[in-house]
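A look at the structure
Chain residues, written in single-letter form:
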Amino acid sequence: MADIEIRKIVTGIEEVWHDGGPPLEDPVRKGAIGAVVRNPYAGRYVPDIAPMMDALKPLALDITRRLIAALDAQGPAIEAYGKGVVVGIAGELEHAALWHQPSGWGIREAMGGAKALVPSTVKVASAGARIDIPLHHVNAAYVRSHFDAIEFCVPDGPKPDEIVFIVGLSTGGRPHPRVGGLRVEEIKLWDGQR
């Protein structure tokens, strides 16, 4: 598999100081980063697309590290994560599946580990499509305070023969969670696998 051809990398950061309640002492910082890459399989059916997965591992690690730096956080300070893909219209939905394994590995490696599955969303769409990247707690998927999302868009991408591979991270959950469920301080071994 040839090297991944990156056209651009786009990063967006939010600082949430309050959401209707009293201001937080420190804001929750959320961010998403996407790499716009050429889709080598666009416009044709290719039976074996799996070789691209190994080529995506360095990209996943790189963009996750970039996002952690942009959030001014260390790996343990990241409390929620997610991932997504927008495939250009000359591609197919299966091309989005190439991101699942490399991104999960890259995110965990950059953070220094995590237990929960990384939630994801994918779509085939035209340039400028918006996508909501789901977020949940890095060690336990059932921590309701961290159920969230961050919207992401590349105004000029993906072009028909491109794919946007996306990582989303957050330094916390929603401000002032009040709906119960598993709390961060109650996480036990294997909660992340449920």
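Preceding this section is the structure that the text describes.
These figures come from a predicted structure and were not determined experimentally.

**A closer look at the pattern of salt bridges**
Here the structure, examined in full by the defined rule, presents eight salt bridges. Two residues, Arg 7 and Asp 156, come together in a salt bridge whose shortest N-O distance is 3.0 Å. Placement of the pair is Arg 7 in strand β1 (residues 6-16) and Asp 156 in the loop between β6 (148-153) and β7 (162-170), with a sequence separation of 149 residues. On the basis of relative accessible area, Asp 156 is assigned to the partly exposed category, the value being 31%. Residues Glu 14 and Lys 30 are paired through a salt bridge, measuring 3.8 Å at the closest nitrogen-oxygen approach. Within this pair, whereas Glu 14 is found in strand β1, its partner Lys 30 is found in strand β2 (residues 28-38), the two being separated by 16 residues in sequence. Looking at Glu 14, the relative accessible area reads 33%, which means it is partly exposed.

**What to know about the environment of Ala 96**
Topologically, Ala 96 is positioned in helix α2 (residues 93-96). In sequence terms Ala 96 and Val 124 are 28 residues apart; their C-alpha atoms lie 8.4 Å from each other.

**A short note on a nonpolar patch on the surface**
Residues Ile 89, Leu 93 and Val 124 make up a contiguous nonpolar surface patch of about 260 Å² in total accessible area. Val 124 gets classed as partly exposed once you look at its relative accessible area, which sits at 36%.

**Some thoughts on unusual backbone geometry**
With an omega of 0 degrees, the peptide bond between Gly 157 and Pro 158 qualifies as cis. Here Pro 158 is to be found in the loop between β6 and β7. With a phi close to 55 degrees, His 176 is a non-glycine residue in the positive phi region.

**Topic: helix α3 (residues 100-111)**
Residues separated by three or four positions in an α-helix point in the same direction, a consequence of the helix having 3.6 residues per turn. Look at α3: 17 Å from first C-alpha to last across 12 residues, which is about the 16 Å you get at 1.5 Å a residue. Three or more residues of α3 are buried, namely Pro 102, Ser 103, Gly 104, Gly 106, Ile 107, Ala 110 and Met 111. Check the buried side of α3 and you find it contacts α1 (51-70), β3 (80-87) and β7. Following α3 by one or two positions, Gly 112 has its phi on the positive side, about 90 degrees.

The rules behind each value
- Residues numbered from 1 in each chain as written.
- Predicted model: local features only at pLDDT ≥ 70, side-chain atom pairs only at ≥ 80, totals over all residues.
- Heavy atoms only, no water.
- Salt bridge = Lys/Arg side-chain N within 4 Å of Asp/Glu carboxyl O.
- Helix = DSSP H or I, 4+ residues; strand = E, 2+ residues; numbered from the N terminus.
- Buried < 20%, exposed > 50% of the residue type's maximum accessible area, 1.4 Å probe, protein only.
- Patch = residues over 30% accessible without salt bridge, like charges linked within 9 Å, V, L, I, M, F, W, Y side chains within 5 Å.
- Areas by Shrake-Rupley, 256 points an atom, 1.4 Å probe, with all protein chains shown as cover.
- Expected span 1.5 Å × (residues − 1).
- Contact = heavy atoms within 4.5 Å.

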